Structure formats: C-alpha cells, structure tokens
Amino acid sequence: RSRQLGVEGVVRLSRTHSLQAQEDSRIEAVMRRALQYGGFEVYYQPVLDANRKLCAFEALLRLREEDGTMVSPAVCIPIAESTGLIIPLGRWVLREVCRQLKTWQLNGLQVVPIAINVSALQIVLTNFCTDVDVALEEFDLKPSFIHFELTESSVMPRDSLALENMVKLATNGFSFSIDDFGTGFSSLDRLHKLPVSVLKIDRTFVSRMLDQNGTLPIVRTIISMAHALHLGVVAEGVETEEQLQMLAEMGCDQFQGFLFSKPVEAARAAILLSPRELSSGSLNALPGAAAV
Ligand code: C2E
Ligand code: MG
Ligand code: MG
Ligand code: MG
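A short tour of the structure in this document, coming up. (Residues numbered from 1 in each chain as written. Chains lettered and ligands numbered in written order. Predicted model: local features only at pLDDT ≥ 70, side-chain atom pairs only at ≥ 80, totals over all residues. Heavy atoms only, no water.)

**Some details on the coordination of the magnesium ion (ligand 3)**
Filter applied, for reference: We call an atom a donor if it is N, O or S and sits within 2.8 Å of the metal, or 3.2 Å for Na, K and Ca. Water is not counted, so some sites may look partial. Only protein chains enter the accessibility calculation, which uses a 1.4 Å probe. A residue is then buried if its area is under 20% of the maximum for its type, exposed if over 50%, and partly exposed in between.
Coordination of the magnesium ion (ligand 3) by the protein is provided by D179 (OD), D180 (OD), E236 (OE) and E236 (OE), with metal-donor distances spanning 2.1 to 2.4 Å. Of note, the donors binding the magnesium ion (ligand 3) are all from one chain and are spaced D-D-x55-E. Between the two metals, the magnesium ion (ligand 3) and the magnesium ion (ligand 2), the spacing is 3.9 Å, and D179 donates to both. The class for D180 is partly exposed, based on a relative accessible area of 24%.

**With respect to unusual backbone geometry**
This is how the line gets drawn: Only DSSP runs of H or I covering at least 4 residues are called helices, and only runs of E covering at least 2 are called strands; the numbering of each starts at the N terminus.
In this structure, R52 takes a positive phi of about 60° despite not being glycine. You can see R52 is positioned in the loop between β1 (40-49) and β2 (54-64). According to the relative accessible area criterion, R52 is buried, its value standing at 17%.

**With respect to helix α5 (residues 128-138)**
Quick reminder: α-helices carry 3.6 residues per turn. Residues three or four places apart thus point the same way. Put simply, the test is: Relevant arc is that of directions from the helix axis to the C-beta atoms, nothing else. Contacts are residue-level and defined by heavy atoms, with any inter-residue pair within 4.5 Å sufficient.
Among the residues making up α5, those that are buried are F128, C129, D131, V132, A135 and L136. Buried residues of α5, viewed axially, fall in a sector of 160°; they line one side. In this structure, α5 carries V134 and E137 as exposed residues pointing more than 90 degrees from its buried face. Where α5 is buried, its residues touch α3 (86-106), α4 (120-123), β5 (146-151) and α7 (162-171). Backbone geometry just after α5 places D140 at a positive phi near 50°.

**What to know about helix α10 (residues 216-228)**
Applied cut-off: To estimate the expected span of a helix, count its residues, drop one, and scale the result by 1.5 Å.
Between its first and last C-alpha atoms α10 spans 18 Å; for 13 residues at 1.5 Å apiece the expected length is 18 Å, and the two agree. Taken together, the buried positions of α10 are V219, I222, I223, M225 and A226. In an axial view of α10, the angular spread of the buried residues amounts to 170°, which keeps them on one side of the axis. For α10, the exposed residues lying more than 90 degrees away from the buried face are P217 and A228. On the buried face of α10, the contacting elements are β6 (175-181), α8 (188-193), β7 (198-201), α9 (203-207), β8 (232-235) and α11 (241-249). Downstream of α10 by a residue or two, H230 has a phi angle that is positive, lying close to 60°.

In structure tokens form, the structure reads like this:
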C-alpha cells in the first residue's frame, strides 16, 4: 500500500492520522471537563404510534463545548468508548434521565417511557444492574419507565455477561430493544433467546426504502420477522409522509424521525407531555421548529 501511495502519500496519510489523534484527545479532554462541570446534556426525541400519539422518548446525548459548539454523539461516543469514559458517562446519562423523569412527574406531567442507549462496554459490566438500581432508587421510579437500546454487536457474543445482565434486568421489569437492526451480524437463534421486546429498523433502510431497487424488501422482512417473533418494531429516521404511510401499511408499530421532531431539549419535550398536547394527538401542534 505504501509503495502505491508513494512517499508523499504516506506522509500525507500519517499527518491526517496524527491530526485525527490530536482532535480525538482534545475531545477526550473536553469530555472529562464536561463530566465535571455539566457540559453534557440529554435531548429527547419523540417516538409515536400510528395515530401520531407520543408513546416514548429516546434519550440522546449532547456535548456542548466551552465556546458553545455542539459535538455530535457520533463523534464523542466512539472516543468515550475507546478511553473508558463511556462508563462514567453512561452512568451520568442514566441518572440524568431518571432525574428528568422524576422532575416531570413532580410537575404533574404524564410521563412516557424513555429509551436509553447502552454501549457494549456498559452491558457487560458486572455492576451494570447495580448502577441501574441505584439510579431508580434515588428517584423512586418504576422500571417500566426505562427502556434500554443495544446494538446487535453488543449482545451477540455468547461468552459475554450481556445476556446475564439483560435477563436480570428484564426479570425486574426493564425492557430492551435492538438498535440499528439489520446493520450488524445477528444470529437469529440468539436473537430468539435474548429478552428483547422491540427491533428498531436502522434509518439507512428507511431512507432508501422508496428508491428504485431500494430497501423496501428488507424493511418488509424485518417487520414481518419481528411480528412473527412477537416483537414490536420501530422505524427510525422517518423523514417523509410517504415513508410513514408505507411503513404503517406494512404494519410497523412505532415511528421516530425528523418528520415528527428532531431530538429536543428537556423543556421542549415537557411541552409534548402536557395533557393538552397529548389529547390533541398530533406533534404537528408543537409550536415553533425543533432545535438540533
Ligand atoms: P441511535 O441510537 O441510532 O439514534 C438515532 C440517531 O438518528 C440520533 O442521532 C438521531 O438524532 C438521528 N435521527 C433521528 N431521526 C432522524 C431522521 O429522521 N433523520 C436523520 N438524518 N437522523 C435522525 P444522534 O443523536 O446524533 O446520535 C447518534 C448515535 O450516538 C445514536 O444512534 C447512538 O448510537 C449514539 N448515542 C447517542 N446518545 C447516546 C448515549 O447516551 N449513550 C450511548 N452509548 N450512545 C449514544
Ligand atoms: Mg438508539
Ligand atoms: Mg438507531
Ligand atoms: Mg444509529
């Protein structure tokens, strides 16, 4: 490879690499400070049923740099995972979501379950279940309000503690979904054995669903497989009415995407929980455009 690139190409490549490494350690430092000084925030994206009624939120992490720039979780989560920071960070997200749920309850709002993304490194921790119990106890919440999202790759290894933890948590009333379903390597046998209640169709399948020779057969297959296994199915990345209509026709249970709302800050999410918004039954009633 180096021979093909020539000396100049190699120099350019390694410079790109070291710039990347520099940027990664800068973000690592930003995250360490953010964990101490409150630079992280949780945004909430609505999940709706076929009647456009709000049925859940997904908690999505946001990192605000000191100068106000937002760092995408697509950038900071992989760095948090490779540095081990995901452990304290994951614990923070869990506690923050519980704190938020309790605050909403105390404000008299009718809360909906919140889905939390859990990294492969968290679910194999021996004390993951304890972390969950501690957070729930602190805010006196029921397990039915918390749902966990895991990707295929984090739950497929057979020798991991993942299954053990999932079974323990499921027994205690927590529920699980497989996130980005269809993009990893699932063993269907294993999927069948896991205490999972929902499959989330990856948004890359939804976005190319209506293209010529697109991903429609894949989406259709995921939906019918989910139902055959008595699992619910959520489509993520729904951006158009056409996609929504087609997904609903195929029997998809729940929907999430920019068509309804982007992930929004807690204050805006609270508006969606107020009785008036719920009874109006439509997120289109949400005043103003959503942020980020
Ligand atoms: P994910 O769990 O698959 O979350 C869905 C992502 O799709 C979110 O990106 C969301 O903003 C985006 N999205 C939702 N609807 C649409 C749409 O209609 N169009 C488009 N183009 N995008 C849409 P986000 O917030 O940038 O998060 C990216 C990923 O980072 C998440 O993917 C998840 O894997 C990870 N992540 C986010 N928060 C956490 C966290 O607290 N813990 C862990 N471990 N991972 C997290
Ligand atoms: Mg997710
Ligand atoms: Mg996803
Ligand atoms: Mg994703």
